Amino acid sequence: MTNKTFTLTNNTTGASVELPVKTGTLGPDVVDIGALYKQHNVFTFDPGFVSTGSCESDITFIDGEKGVLLYRGYPIEQLAGRSNFIEVAYLLLYGELPSADELASFSSSITHHTMINEGFLRFFNGFHYNAHPMAMVSGVIGSMSAFYHDSMNINDPVHREIFAHRVIAKIPTVAAAAFKHSMGQPFIYPRNDLDYCSNVLNMFFSVPCEPYKISPLAAEALDLLFILHADHEQNCSTSTVRLAGSSGANPYAAIAAGVSALWGPAHGGANEAVLKMLNAIGSVENIPKFVARAKDKDDPFRLMGFGHRVYKNFDPRATLIREMCHKVLKEMGDSNAPLFELALALEEVALQDDYFIEKNLYPNVDFYSGIIYRALGIPESMFTVMFAIARTVGWVAHWLEMIADPAGRIGRPRQLYTGAPLRDYVSVDDRK
Ligand code: CMC
C-alpha cells in the first residue's frame, strides 16, 4: 500500500471518500474499493471487469498499449527464443527459472505422471464419435478428482504440488485420447523417452501398425505455441479457475471449469473460428466483403483472431507465431500456404482500414496459431484443446497462488438489481 489516495465524491450528498491506492511493480495503480460498500453503502459497477483488478498476482504482466508480455518478469520473446515449454512451466509455477538439477527433476516428474488410469479409456468410449474434443476433455479432467484421493487436501502444499504435476502431465494424454476417439483409432500410451511436445505428437499421430517419425520441426513449433499460450494473467478462463477454486472446490473441478470457459469463441475457441472464417472467405477477392461485414453493426460477424481486451497494439504472441508459420510452411510443405497467404492478406487489409485502426484491432494469438496446427495435421476441432494443454500451466500457477494467499476469500461479486420491486405472492386462481 502507498500513501496515495483516490477521492470519490457523491454528487447527491456532497460526501467524499478517500480510497487507498495500491502500486504494483509495473502497470497502473489500483484503487482499493474493498471497504466502499461497508462504509458507504455503494457498489462499483463494471460489467466485463474492464477496470477491475480481481487479485494481486506475481505471475504475468501485460502492457496492452505497448504490446508487452512478461512471465515472472521475463519478456515472452526471450522465453520463446531461448527456453522451452517445460522450463517455462517451472518458471510460471515456482516463480524462478530452474537450476539444471531442478529442471531435470521437474521434467522427470512430469514425464512420470503422464499415464492415465485405464478406467478413463472407458469414459471416452461413452462419448459419441463426433463429440467435440473440448466436451470430452473438460468432462474427463473434472472426473480426475474421483481417481486421485491421495492428494486432494488443498490445504497441504505437498498435495497441491502433486496435483500440479499430475494435471500438467496428464492433460496431453487426455487430449490425445479424445483425438484418437474422434478418429476411431486405438489409444496410444505416453512414452517416457520423449520430451513433452514429441510425446504429444506421438500420442496423436502414431498408430500401432507402422512406425511414426516425429518431426523435430513439428515438436519445435508445438513447443513455441505452448510457451506462448501458457499464461495470460486474469483472462476469462483463468479468472474462472480462480473463482471456482475460491470456494474450496477441488482443483480438478476448477481446471475443468477453466477448460469450459476457454472453449468460447471470444476466448480460446477463436483459433477454431479463425480457420472456419478463412475457409468461408476462400480467396483474396472476398476479403473486402468479409471486412465490410465485420464493420457492420447490424451483422454479428466479427473478424475472428482480431481484437483483444488488453492489447491495443500488436499482440506479441501473434508476431512470434506468424514467424513460425513462415518456417513451418517452408519446411513442411506448402499445402496450407494458400490459407496463410489469405490470412496475411486479411491482416494487411484490416490494418489499413480506419475501423480497425480507430478501435485498435490487431491480430491476436489465435489468428495464426490454427495455420500451424493444421500444417501439423491437427484438425480444427482440436485447436482449442491444444490451447488448453498449454494454458493448464497458467491455470495451475494461478490456482496455487490463490490457495496459498492467506488473504484469500471466496469470490463473490455483487450486482445492480433491476428486477421487480417487493410484491406479494398471488394464488394461481387469482392471477390475471
Ligand atoms: N471484428 C470486428 N469488430 C470488432 C472485433 C472484431 N474481431 N473485436 C472488437 N470489435 C469492435 C466491437 O464491435 C466494438 O465496437 P464498438 O465500440 O463500436 O461497439 C469494439 O471493437 C470493442 O469491442 P468489444 O467487444 O467491446 O471489446 P472486448 O474487449 O469486450 O472484446 C474480444 C475483446 C477479443 C472478445 C473481441 O475483440 C472479439 O470478439 N474478437 C474476436 C474473437 C477473438 O479473436 N478472440 C480471441 C481473443 S485472444 C485469445 C484469448 O483470449 O483466448
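Computed from a predicted model, the values in this text were never measured in an experiment. (Residues numbered from 1 in each chain as written. Predicted model: local features only at pLDDT ≥ 70, side-chain atom pairs only at ≥ 80, totals over all residues. Heavy atoms only, no water.)

Participant: Looking at this structure, I do not really get the packing of helix α10 (residues 236-246) against helix α11 (residues 251-262). What am I missing?
Facilitator: Put simply, α10 and α11 touch, their axes get as near as 8 Å, and they point 150° apart. As summarised for this structure, α10 and α11 are arranged roughly antiparallel, according to the angle between their axes. The crossing of α10 and α11 is right-handed. Across the interface between the two elements, C236, S237, T240, V241, A244 and G245 of α10 pack against A254, I255, A257, G258, A261 and L262 of α11. Its residues assigned to classes, the contact of α10 with α11 shows eight nonpolar, four polar and no charged. (Axes fitted to C-alpha atoms, helices over the stretch in contact; angles between N-to-C directions. Helix = DSSP H or I, 4+ residues; strand = E, 2+ residues; numbered from the N terminus. Parallel < 35°, antiparallel > 145°, perpendicular 65-115°, else oblique. Left-handed = near helix turned anticlockwise from the far one by under 90°. Contact = heavy atoms within 4.5 Å. Nonpolar A, V, L, I, M, F, W, Y, C, P; charged D, E, K, R; others polar.)

Participant: I'm lost on the sheet that holds strand β5 (residues 68-71) in this one. Help?
Facilitator: Strand order in the open sheet formed by three strands is β4-β5-β6, and the pairing between neighbours is antiparallel. What marks the edges here is a single partner per strand, and that holds for β4 (60-63) and β6 (74-75). As judged from the two bridges shared by β5 and β6, these two strands associate in the antiparallel manner. Among the inter-strand pairings, L70 is bridged to a residue of β6, identified as P75. (Pairing = 2+ DSSP bridges.)

Participant: Help me out: how do you make sense of the site of the ligand in this one?
Facilitator: Residues in close proximity to the ligand total 22 residues, the closest being H267, L303, G305, R309 and K359. At 2.8 Å, a backbone N or O of G305 approaches an oxygen atom of the ligand. Between an oxygen atom of the ligand and a side-chain N or O atom of K359, the distance comes to 2.7 Å. Along the lines of polarity and charge, the residues of the shell around the ligand split into eleven nonpolar, six polar and five charged. (Near = heavy atom within 4 Å. Polar contact = N/O pair within 3.5 Å; in protein donor to acceptor, adjacent residues only side chain to side chain.)

Participant: Can you walk me through the sheet that holds strand β2 (residues 16-22) in this structure?
Facilitator: Across a sheet, paired strands are connected by hydrogen bonds in the backbone, their directions being either parallel or antiparallel. Reading across the sheet, the three strands line up as β1-β2-β3 and stay open at both edges, with antiparallel pairing between neighbours. Whereas interior strands pair on both sides, the edge strands pair on one side only; in this sheet they are β1 (5-9) and β3 (30-31). With five bridges joining them, β1 and β2 adopt antiparallel strand pairing. Looking at β2, one finds that F6 is bridged to L19.

Participant: Looking at this structure, how should I read the pairing of β5?
Facilitator: On a regular strand, each side chain points to the face opposite its neighbour's, so the side chains alternate between the two faces of the sheet. Examined bridge by bridge, β4 and β5 share four bridges and lie antiparallel to one another. Looking at the pairing, D63 lines up with V68 of β5. From the end of β4 to the start of β5, which pair antiparallel, there are four residues, and G67 there has a positive phi angle of about 70°. Hairpin connection of β5 to β6: two residues between the antiparallel strands, including R72 at a positive phi of 50°.

Participant: Sorry, what's going on with the pattern of salt bridges here?
Facilitator: Any two side chains of opposite charge can pair, given that their charged atoms come close. Per the stated rule, a full pass over the model turns up twelve salt bridges. Residues D315 and R317 are paired through a salt bridge, measuring 2.8 Å at the closest nitrogen-oxygen approach. Neither residue differs from the other here; D315 and R317 are each classed as buried. Between E347 and R322 there is a salt bridge; the shortest N-O distance is 2.5 Å. Of this pair, E347 sits in helix α15 (residues 337-351) while R322 sits in helix α14 (residues 316-331), and the two are 25 residues apart along the sequence. Owing to a relative accessible area of 6%, E347 belongs among the buried residues under this scheme. (Salt bridge = Lys/Arg side-chain N within 4 Å of Asp/Glu carboxyl O. Buried < 20%, exposed > 50% of the residue type's maximum accessible area, 1.4 Å probe, protein only.)

Participant: Explain the nonpolar core to me, please; I cannot follow it from the model alone.
Facilitator: With 121 residues, the main nonpolar core has Y196, F204, F226 and L278 as its most contacted residues. When residues of this core are assigned to their parent elements, the largest contribution, 14 residues, is made by helix α18 (residues 383-404). (Core = buried A, V, L, I, M, F, W, Y, C linked by side-chain atoms within 4.5 Å.)

Participant: Would you mind going over the layout of surface pockets with me for this structure?
Facilitator: Empty space left among the atoms is revealed by rolling a probe the size of a water molecule over them. Size it by volume and the second largest pocket reaches roughly 230 Å³. If you trace the second largest pocket, you find 16 residues lining it, with I86, S107, L194, D195 and Y196 closest to the centre. Looking at the lining of the second largest pocket, the elements that each hand over two or more residues are α3 (85-94), α4 (100-111) and α8 (196-205). When residues of the lining of the second largest pocket are assigned to their parent elements, the largest contribution, four residues, is made by α4. When the residues that make up the lining of the second largest pocket are grouped by side-chain class, the tally is seven nonpolar, six polar and three charged. (1 Å grid on protein atoms, 1.4 Å probe; cavity = no way out; pocket = protein on both sides within 12 Å on 5 of 7 lines; lining within 4 Å. Points joined across faces, edges and corners; volume = space filled by probe spheres on them.)

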